[in-house]
Amino acid sequence: MHELTSAPAAPPRDDHEPSDDREHVDVREHTDADAGFTLIELVVTVAIVGFVVVALTGVVLGYLKTTVSTQARMTESHDIQFASAYWQRDVGSIGVRSTTYDSDPAVHSFPLLQSVAANPATGVPVGCALPSGPDVATVVTLGWTEYDVAHPDTPSKVTVTYLAKGSGTHYALLRVRCTGSTKNSTATLADNLVAMPSVTCSGKVTGCNQAGANVPMVVTLTLTADDPDNKDAATYTATLTGQRRQT
């Protein structure tokens, strides 16, 4: 016969100790609370993201605006830089010499004749044909004497004439070089000028159309250009300066 034995008695329960079911419920509730965001956290996050996006948008827009403006300035200055290279060289060469030697002790040279014609552009004859028409105006003519080592007694007269050719509200700057009656070249130096080019001279006396010791030492050309694509409302003005080397 089997002997019946009684199960060991359960330990006394402490009323202050939570049951297993209570512990399980508490853990589950705590885990569910950590799985999401509170409304306050969500509002703060959205606000921070908004501030960051606004700041980055401002930086990007500022960069794009600066880039467009810089490109427009480069376009406006390109023609003027091209014209400057010719202008400085041409003004540095001016000096039309007389074919008659002056034996005066104070001179002992072939005297300088008028070598700059501007305001009005007269006094320096040009031997070759220049572009003409109602939309073409002469800005300035520069002249100098060019000597050939093989024929020193028969120097050549070189003239360079700058002309403005109008087209609507803009002007193109043309440069025509002639040696005697031969036209050597015609070049367009600028296309986007918005004002008629102007010339000023400085030296011993006021005015460009002078001869002898009064031939201008410095001749300046003022050009004003704009961006043909209208990316920049402001115009670009530059003053090109050249200094005569002959004395």
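Only a predicted model underlies this, so the values are computations on that prediction, with no experimental measurement involved.

(A) Local environment of the environment of valine 91. As for its placement among the helices and strands, valine 91 is situated in helix 2 (residues 39-93). In contact with valine 91, other than residues within four places in its own chain, are Leu142, Val219, Gly242, Gln243 and Arg244.

(B) Representation of the state of the cysteines. Counted under the stated rule, the structure contains two disulfides. At a sulfur-sulfur separation of 1.6 Å, the disulfide partner of cysteine 128 is cysteine 178. Of this pair, cysteine 128 sits in the loop between strand 1 (116-117) and strand 2 (136-148) while cysteine 178 is found in strand 4 (residues 170-179), placing the two residues 50 residues apart along the sequence. Of the two residues, cysteine 128 and cysteine 178, neither departs from the other in class, the shared state being buried.

(C) Just the pairing of strand 4, in detail. Two strands pair when backbone bridges link them, and strand 3 (residues 151-167) and strand 4 are joined in this way by ten bridges, in the antiparallel orientation. Bridging from a neighbouring strand, threonine 159 pairs with cysteine 178 of strand 4. If you look at the hairpin formed by strand 3 and strand 4, you'll find two residues sitting between the two strands, and glycine 168 has a positive phi there, around 70 degrees. Examined bridge by bridge, strand 4 and strand 5 (residues 182-193) share eight bridges and lie antiparallel to one another. Its bridge partner lying in strand 5, threonine 179 is registered against threonine 182.

(D) Looking closely at the pattern of salt bridges. Across all of its chains, the model carries two salt bridges by this definition. Among the ionic pairs, arginine 175 bridges to aspartate 90, the shortest N-O distance being 2.9 Å. Note that arginine 175 is positioned in strand 4 and aspartate 90 in helix 2, a separation of 85 residues in sequence. Neither arginine 175 nor aspartate 90 differs from the other in exposure class; each is buried. With its nearest N and O atoms 3.5 Å apart, the salt bridge here joins glutamate 146 to arginine 177. Taken together, the positions of glutamate 146 in strand 2 and arginine 177 in strand 4 put the pair 31 residues apart, joining distant regions of the chain. Residue classification places glutamate 146 among the partly exposed positions, given a relative accessible area of 35%.

(E) Spatial organisation of the nonpolar core. In this structure, Trp87, Val140, Tyr162, Leu173 and Val199 are the most contacted members of the largest nonpolar core, which totals 28 residues. Those residues in contact with leucine 173 that lie beyond four places of it in its chain are Ala83, Tyr162, Leu163, Ala187, Thr188, Leu189, Ala190, Leu193, Pro197, Leu221 and Leu223. Cys128, Val136, Val176 and Cys178 belong to the second largest nonpolar core, which has six residues in total.

(F) Focus on the packing of aromatic side chains. The final tally for this structure, using the stated rule, is three aromatic pairs. Their ring planes at 85 degrees and their centres at 5.5 Å tell us that phenylalanine 82 and tyrosine 86 sit as a pair that is edge-to-face. Linking phenylalanine 82 with tyrosine 86, this pair stays in helix 2, spanning four residues, or about one helical turn. Take phenylalanine 82: its relative accessible area is 38%, and that puts it in the partly exposed class. Tyrosine 86 gets classed as partly exposed once you look at its relative accessible area, which sits at 22%. Aromatic side chains tryptophan 87 and tyrosine 162 sit 5.1 Å apart centroid to centroid with 75 degrees between the ring planes, which places their arrangement in the edge-to-face category. Of this pair, tryptophan 87 sits in helix 2 while tyrosine 162 sits in strand 3, and the two are 75 residues apart along the sequence. A relative accessible area of 0% means that tryptophan 87 is categorised as buried. Judged by relative accessible area, tyrosine 162 falls into the buried class, the value being 1%.

(G) Summary view of the environment of leucine 223. With respect to the secondary-structure elements, leucine 223 resides in strand 7 (residues 218-225). For leucine 223, a relative accessible area of 1% gives the class buried. As for leucine 223 and alanine 238, which are separated by 15 residues in sequence, their C-alpha atoms are 5.5 Å apart.

(H) How the structure looks around unusual backbone geometry. The step from asparagine 119 to proline 120 runs through a cis peptide bond, and the omega angle for that step is 5 degrees. Its location among the elements puts proline 120 in the loop between strand 1 and strand 2. Of note, the phi angle at asparagine 119 is positive, near 55 degrees, even though the residue is not glycine. Among the secondary structure elements, asparagine 119 is positioned in the loop between strand 1 and strand 2. Look at asparagine 119 and you get exposed, because its relative accessible area is 56%.

Reading guide: rules and limits
Residues numbered from 1 in each chain as written. Predicted model: local features only at pLDDT ≥ 70, side-chain atom pairs only at ≥ 80, totals over all residues. Heavy atoms only, no water. Helix = DSSP H or I, 4+ residues; strand = E, 2+ residues; numbered from the N terminus. Contact = heavy atoms within 4.5 Å. Disulfide = S-S within 2.5 Å. Buried < 20%, exposed > 50% of the residue type's maximum accessible area, 1.4 Å probe, protein only. Pairing = 2+ DSSP bridges. Salt bridge = Lys/Arg side-chain N within 4 Å of Asp/Glu carboxyl O. Core = buried A, V, L, I, M, F, W, Y, C linked by side-chain atoms within 4.5 Å. Phe/Tyr/Trp six-rings, centres within 6.5 Å; stacked < 30°, edge-to-face > 60°.

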